Structures are given as C-alpha cells and as structure tokens.
Amino acid sequence: MTAVAPASLETFRLGDRTFTSRLIIGTGKYRNHEEMKGAHRASGAEMVTVAVRRVPLDRSAESLLDHLDPSLMILPNTAACYTAEDAIRTARLAREALGTNWIKLEVIGDQTTLFPDNEQTLEAARLLVSEGFTVLPYFSDDLIMAKKLLDAGCAAVMPLAAPIGSGLGIQNPVNLRIMREQLPDATIIVDAGVGTASDAAVAMELGADAVLMNTAIAEAREPEGMARAMRLAIEAGRLAYLSGRMPKRLYASASSPLIGVID
C-alpha cells in the first residue's frame, strides 16, 4: 500500500505558480488591520484577495494594502462589477496598478443574493484570457458552465458553496462531487459560503483543490483562532480525500469480526 504524504507537505499548482497552502484568504470585513494581519499569519495562506474597486490603488490614502505581508501574493478581484464590460475594465486597472495579470473574476447578477451572472462571467473570461490574464472565475456550481470556462482558458474554476458571506456551508455537495468526477484534471476552488472549519473540511473531502474564504474568518469572534482552525481543517479534509473514506453502509458492520471468537 502506498503511503499518503501529509497534506501540509503537498504542493498546489495554480497557473504558473506553485503554492504549499490550499487556503486563499480575503481582506474585507475585519474590525481593524491588526486583526487582519493576525488572521493572515495564522492561516498560512500565500495568496490574498483584494477588491480592486474598494481600495485606492494609487496609494493616495492609507488602506489595507499598506498592511499586507509583502510575502503574500495579491489576487485582485472584480467585486461589485455587474457587467462583463465593467469587470474587464476593472481587471485592466488592477493589472496596471498592481503589476499582476492574475484576476479573480466576479460579475454579479443579483444585488440581493450576489449570485453571479454566469453568461457575463464567461464573456469577460474569454476576453481577459485573450489579453493574457490568469483568470479565476467565481460562478454558480454548474458543471456545464465550468466546462465552458475551462474551454475559454481559465486557470481554475471557483464554484460557490452558498451565497457570498452567508456562512451557510456547502449547500449542493452533489454538484461539487460531480464536478470533481467529471473534471478530474481541472483546478476547482470552492468560493463563498463557508462558515466554519467543518465546511472547509467537507469542501476538501469532496475533492476541491483549495478553498477561498473571507467572512468566515473576518467575522469570527476570534479571527486569528478561526484562521488557524481553517488551516487545519483544509489540511485534514485534503488528507481524508487522498486517503479514501470507507463506504457508507445501511447496517452495522462489527469492528471485531466473529471469526476466531473463543466459545
């Protein structure tokens, strides 16, 4: 039997970069910059998302950008964009200001639920890929759209687990499981809706390659502690997935067989 390496020793390939952490962390909703920095350190994350439209990219005023660990890779996102055109413009601005061609693509379709507009997302993804961007699109947990986004050249797909900031956990585990089975070579990053460590573990047990989260850590009573919990949960979930869970059974199966029992 081949031994399974500890999940903490695995590397994670995304685009042209290699990471050791499968946790991508956000920057919004923290009560102060010190809490954010403490949570980032405890998470072990190597990549952090920043909403391009919510920070002064010209550094004309102090912002969270001034409080990020310089070792963290910044992943700009197009949060608060409602059309493909708006998202494309925002991505170009981020590339010029931050010197990166990586973009987390968000095109929102509904202001109340913040559900993505998959069609506008696909339209934006196609153009951004053609311009040399490494595109990571947020979209509904839909297998067909995942295939279209990958065919468009996206480096990964980022299906939601539940509405952004809801903390409801994974609402459609079957969809994610099917996506993993149908797209064995794709990079799948669960995004949005994770509320606690068990949600992160379940995402990884379903075969996700990584998890992106923000609110679950930022709005925890102790963000630093929750960040550490998420780090451990992702490692545990990944190791469980690699190890292969036992089959589910309707009836009991004795841990100690009756064969050889002394009368």
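Higher on the page you've got the structure.
Residues numbered from 1 in each chain as written. Predicted model: local features only at pLDDT ≥ 70, side-chain atom pairs only at ≥ 80, totals over all residues. Heavy atoms only, no water.

Peer 1: Describe the pairing of strand S4 (residues 47-51), naming the residues involved and giving the relevant values.
Peer 2: Counting buried residues in S4 gives five out of five residues, a clear majority hidden from the surface. Where burial is concerned, the two faces of S4 agree: the one with Met 47, Thr 49 and Ala 51 and the one with Val 48 and Val 50 are both buried. Bridge analysis of S4 against strand S5 (residues 73-77) gives five bridges, and the strand direction is parallel. The partner of Met 47 across the bridge, within S5, is Met 73. (Buried < 20%, exposed > 50% of the residue type's maximum accessible area, 1.4 Å probe, protein only. Helix = DSSP H or I, 4+ residues; strand = E, 2+ residues; numbered from the N terminus. Pairing = 2+ DSSP bridges.)

Peer 1: Quick one: what's the story with the environment of Val 48, residue by residue and with numbers?
Peer 2: Relative to the helices and strands, Val 48 resides in strand S4. Given the relative accessible area of 0%, Val 48 is considered buried. Taking the C-alpha atoms as reference points, Val 48 and Ala 156, separated by 108 residues in sequence, lie 16 Å from one another. The residues contacting Val 48, other than those within four sequence positions of it, are Ile 25, Gly 26, Thr 27, His 40, Leu 68, Leu 72, Met 73, Ile 74 and Leu 75. (Contact = heavy atoms within 4.5 Å.)

Peer 1: Tell me about helix H6 (residues 197-205), residues and numbers included.
Peer 2: All of the buried residues in H6 are Ala 197, Asp 199, Ala 200, Ala 201, Ala 203 and Met 204. Against the buried residues of H6 lie strand S9 (189-191), strand S10 (210-213) and helix H8 (223-243). Just downstream of H6 lies Gly 207, where phi reads positive at about 105°.

Peer 1: Run through the nonpolar core, naming residues and quoting values.
Peer 2: Residues Met 213, Ile 217 and Met 230 are the most contacted members of the largest nonpolar core, which totals 66 residues. Apart from the residues within four sequence positions on either side, Ile 217 is in contact with Ile 25, Tyr 30, Ala 39, Pro 223, Met 226, Ala 227 and Met 230. Formed by 14 residues, the second largest nonpolar core is a distinct cluster that contains Leu 14, Phe 19, Trp 102 and Leu 212. (Core = buried A, V, L, I, M, F, W, Y, C linked by side-chain atoms within 4.5 Å.)

Peer 1: Describe the pattern of salt bridges, and please don't skip the residues or the numbers.
Peer 2: In the structure shown here, the tally under the stated rule is 13 salt bridges. Here Arg 89 ties to Asp 86 by a salt bridge, and the two come within 3.1 Å at their closest N and O atoms. Taken as a pair, Arg 89 and Asp 86 lie in helix H2 (residues 84-98) at a separation of three residues, close to a single helical turn. For Arg 89, a relative accessible area of 46% translates into the label partly exposed. For Asp 86, a relative accessible area of 16% puts it in the buried group. Of the charged contacts, one joins Arg 177 and Glu 181 as a salt bridge, the two residues approaching to 3.4 Å between their closest N and O atoms. A residue pair is termed a helical-turn pair when its members lie 3 or 4 positions apart in one helix, as Arg 177 and Glu 181 do in helix H5 (residues 173-182) at four residues. (Salt bridge = Lys/Arg side-chain N within 4 Å of Asp/Glu carboxyl O.)

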